[in-house]
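# Summary of structural features
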Amino acid sequence: MPSSPPRLRVHYPPGAGSTLPIEKETFSIGRRPDNDLVIAEKDISRLQAVICREDGLWVMEDRGSTYGTDVNGIPAAGQRLRNRDVISMGRQRQIEMVFLHDDRMSQILEEVDALPRRDSTPGDYRNLSILLRLSSGLNSMTSLQDMLELTLDAIVDVTGADRGFLALRDEDGEIRMRAARNPARESLDTGKQRLSQSIVREVIDLGEPRFLTDVAESQEARRRPSLAELSLSSVICLPLKMLPSERVTRPSRFPGMTDVIGVIYADASHATRPISEITKELITSIATQATLAVENFFLRQEDLERRLIERDMEKEVERLREIDRLKTEFLSNVSHELRTPLTAIKGSIDNILDGVTGDINERQKRYLERINENTIQLDRLISDLLDLERIESGAVRLSRRCISVTRLLEDVAESMRPLAERRGALLKVEPPGEEITVEADRDRLVQVMFNLAGNALKFTGSGGSVTLAARRGDEEVVVWVADTGPGIPQGDLERIFDRFYQVPGPEGLKTSGTGLGLPIARSLVELHGGRLWAESSASGCRFLFTIPLGVS
């Protein structure tokens, strides 16, 4: 619907006022008679100012007047006009006008003034007082049931009905009875009320109120047999319906349904006078106020629940942090305590294998070598735990210097080649086509590469290959380790970076390790300001990490 043209509410001469529509793209103001708004004052220039429409907006410009023109106390120089902006001019700024555009209050006043004139009666004053006090009462209540019962009492008392029912949508969107006022004390259980269900359903579906009087003599009695069965003379049914303006500012609790959140029903079996228009307006306003009060109640409830959930979540986060701290502290203490006796055990085994304690037979040697391998594995686990604890506690400090990425790849490959040969895999380097240097901690990057390359060799069978490669990006260098192994299931591509998590190896391919290599590698890469991730396909797996570029 197109908006109405803006208007100027002019307070001139002092003590008087008038409102003019702005119906032209350029609206002129000044002392000259051919202006759209003529102000015959000596302080006003012949052409004082203009209001123009530019790109759909209204702007105010002073046209070099003697004493200037202000908008909200600021000299007018092409600024946009908004609803209720105050324009003033004259030497003492004694001439004022208000710019009105889509001003709802002005529209309300005009609509009221356009209504047929009638003298105010005590009944009018009583109805207004009822509405004001009822609105105040509803907004002050903290109990939903009290709100509903007060609303129903108001409708029953104002209309003189015998009975009344109020229903609301529940959490599932179903209409359920919540309050009743009737001499028979009928149950609130759904479907057990003696009322015209067809009228209730019609009001819910259409969202419009129904006012029926002299039912026995109307067409409604023949169309709705329930009215005659219940011996009803009058029926009032009002929707509790969200206003269009409210739909914009608050989301619906029942998306996909109508804006009707409930219904008020009242009837009488005795003869009643026709409901006056003023009474219809009053009870419709009561229904509107009740709708707002109910919606505000649910909003307050949702806000309270949200705050309680947030508080519980904060407590849970703190609890988990404390558990994680205690776990880390425990692992650190245990690791330190295990390292000393483990070192002694390994030293003793080495002495026995070296013949320090005398000759041993082949069977004893085989058992001792197995013990020694497990001791090395346990020592590696302890080292990984201590490394991870130091990284997470912030104790690790990087010693950055300029290093060659190509040299890094070649050194790692040279160190890992014996392991590759034992596994029957080919380990190769694909150096970048240019020299790339980064500012990084070389020892820590070597540790990252050892973890990634060792992990790749572990999952690559005989005849497979592992490739170390790198390339320069715009602001970072990308390094990767690719293998021709069985790959990683897509659901595990992030889980493999969790502590102690290991992807089960394929049948016949033995896997071992602590499950800490990848978490340590990712933490070390992130300390450098980079990121580490994994990609997988049917032809194998690829681990990539980035390091910000830094040239010496």
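Preceding this section is the structure that the text describes.
Overview of the structure. (Residues numbered from 1 in each chain as written. Predicted model: local features only at pLDDT ≥ 70, side-chain atom pairs only at ≥ 80, totals over all residues. Heavy atoms only, no water.)

### Section: the overall build of the chain
Each helix and strand counted, the chain has twelve helices and 23 strands in total. The 552 residues of the chain split such that 41% are buried. Just so you have it, the chain exposes about 31400 Å², and 51% of that area is on carbon and sulfur atoms. (Helix = DSSP H or I, 4+ residues; strand = E, 2+ residues; numbered from the N terminus. Buried < 20%, exposed > 50% of the residue type's maximum accessible area, 1.4 Å probe, protein only. Areas by Shrake-Rupley, 256 points an atom, 1.4 Å probe, with all protein chains shown as cover.)

### Regarding the pattern of salt bridges
In the structure shown here, the tally under the stated rule is 22 salt bridges. One salt bridge in this structure joins Arg201 and Asp205, with 3.6 Å as the shortest N-O distance. With a gap of four residues between them, Arg201 and Asp205 both fall in helix 4 (residues 197-206), about one helical turn apart. Arg201 sits in the partly exposed class, given a relative accessible area of 44%. What makes Asp205 partly exposed here is its relative accessible area of 47%. Residue Arg522 is joined to Glu494 by a salt bridge in which the shortest nitrogen-to-oxygen separation is 3.4 Å. Taken as a pair, Arg522 in helix 12 (residues 517-527) and Glu494 in the loop between strand 21 (476-483) and helix 12 lie far apart in primary sequence, 28 residues in all. (Salt bridge = Lys/Arg side-chain N within 4 Å of Asp/Glu carboxyl O.)

### Here we look at the sheet that holds strand 23 (residues 540-548)
Taking strand neighbours across the sheet as the criterion, the five strands line up as 18-20-21-23-22 in an open arrangement whose pairing is mixed. Either end of the sheet is taken by a strand with one partner, and the two such strands are strand 18 (426-430) and strand 22 (532-537). Between one strand and the next, the sheet's axes are offset by a mean angle of 15°, whatever the strand orientation. For strand 22 and strand 23, the ladder comprises six bridges, and the chain directions are antiparallel. Within strand 23, the position partnered with Leu532 by the bridge is Phe545. Sheet strands touched by helix 10 (residues 405-423): strand 18, strand 20 (465-472) and strand 21. Its angle to strand 18, the strand with the most contacts, is close to 175°. Its contacts with the sheet put helix 11 (residues 442-458) on strand 20, strand 21, strand 22 and strand 23, and the angle it makes with strand 23 is roughly 170°. (Pairing = 2+ DSSP bridges. Axes fitted to C-alpha atoms, helices over the stretch in contact; angles between N-to-C directions. Contact = heavy atoms within 4.5 Å.)

### Quick notes on the nonpolar core
Membership of the largest hydrophobic core comes to 49 residues, with the highest contact counts inside it found for Met449, Leu452, Leu468, Ile496, Phe543 and Phe545. When residues of this core are assigned to their parent elements, the largest contribution, eight residues, is made by helix 11. In this view, Leu468 contacts Leu409, Val412, Ala413, Leu427, Lys428, Val429, Glu430, Met449, Ala453, Trp480 and Val481; residues no more than four positions away in its chain are not counted. (Core = buried A, V, L, I, M, F, W, Y, C linked by side-chain atoms within 4.5 Å.)

### Concerning helix 12
Counting buried residues along helix 12, nine of its eleven residues qualify, which places the element largely inside the surrounding structure. Taken residue by residue, helix 12 has Gly517, Leu518, Pro519, Ile520, Ala521, Arg522, Ser523, Leu524 and Val525 as its buried positions. Summarising the contacts, the buried residues of helix 12 are in contact with helix 9 (362-392), helix 11, strand 22 and strand 23. At the exit of helix 12 stands Gly529, carrying a positive phi of roughly 85°.

### Describing the packing of helix 3 (residues 144-159) against helix 8 (residues 277-353)
Viewed as axis vectors pointing N to C, helix 3 and helix 8 meet at an angle of 180°, and their least axial separation amounts to 10 Å. With respect to helix 8, the element helix 3 is oriented roughly antiparallel. Of the residues in helix 8, those in contact with Leu144, Met147, Leu148, Thr151, Ala154, Ile155, Val158 and Thr159 of helix 3 are Thr279, Leu282, Ile283, Ile286, Ala290, Ala293, Val294, Phe297, Phe298 and Arg300. Its residues assigned to classes, the contact of helix 3 with helix 8 shows 14 nonpolar, three polar and one charged. (Parallel < 35°, antiparallel > 145°, perpendicular 65-115°, else oblique. Nonpolar A, V, L, I, M, F, W, Y, C, P; charged D, E, K, R; others polar.)

### Focus on a nonpolar patch on the surface
Taken together, the side chains of Phe330, Val334 and Leu338 make up a nonpolar region of the molecular surface, amounting to roughly 260 Å² of accessible area. Note that Leu338 resides in helix 8. The class of Leu338 is partly exposed, set by a relative accessible area of 40%. (Patch = residues over 30% accessible without salt bridge, like charges linked within 9 Å, V, L, I, M, F, W, Y side chains within 5 Å.)

### Here's the deal with the packing of helix 9 against helix 12
Between helix 9 and helix 12, the least distance of the axes is 10 Å, while the angle of their chain directions is 30°. For the element pair helix 9 / helix 12, the angle class is roughly parallel. Between helix 9 and helix 12 the crossing geometry is left-handed. Along the contact surface, helix 9 presents Asp384, Asp387, Leu388 and Ile391, while helix 12 presents Pro519, Ile520, Ser523, Leu524 and Leu527. (Left-handed = near helix turned anticlockwise from the far one by under 90°.)

### Details of the packing of aromatic side chains
Within this structure, the stated rule accounts for three aromatic pairs. For the ring pair Phe165 and Tyr265, a centre distance of 6.4 Å and an interplane angle of 40° mean the geometry is tilted. Linking Phe165 in strand 12 (residues 163-169) with Tyr265 in strand 16 (residues 260-268), this pair joins segments that are 100 residues apart in sequence. The aromatic ring of Phe497 is capped on one face by Arg522, whose charged end is 3.9 Å from the ring centroid. Seen from the ring of Trp480, Arg542 lies directly overhead, with NZ or CZ sitting 5.3 Å from the centre. (Phe/Tyr/Trp six-rings, centres within 6.5 Å; stacked < 30°, edge-to-face > 60°. Lys NZ or Arg CZ within 6 Å of the ring centre and 35° of its normal.)

This is a description of form; function is not addressed.
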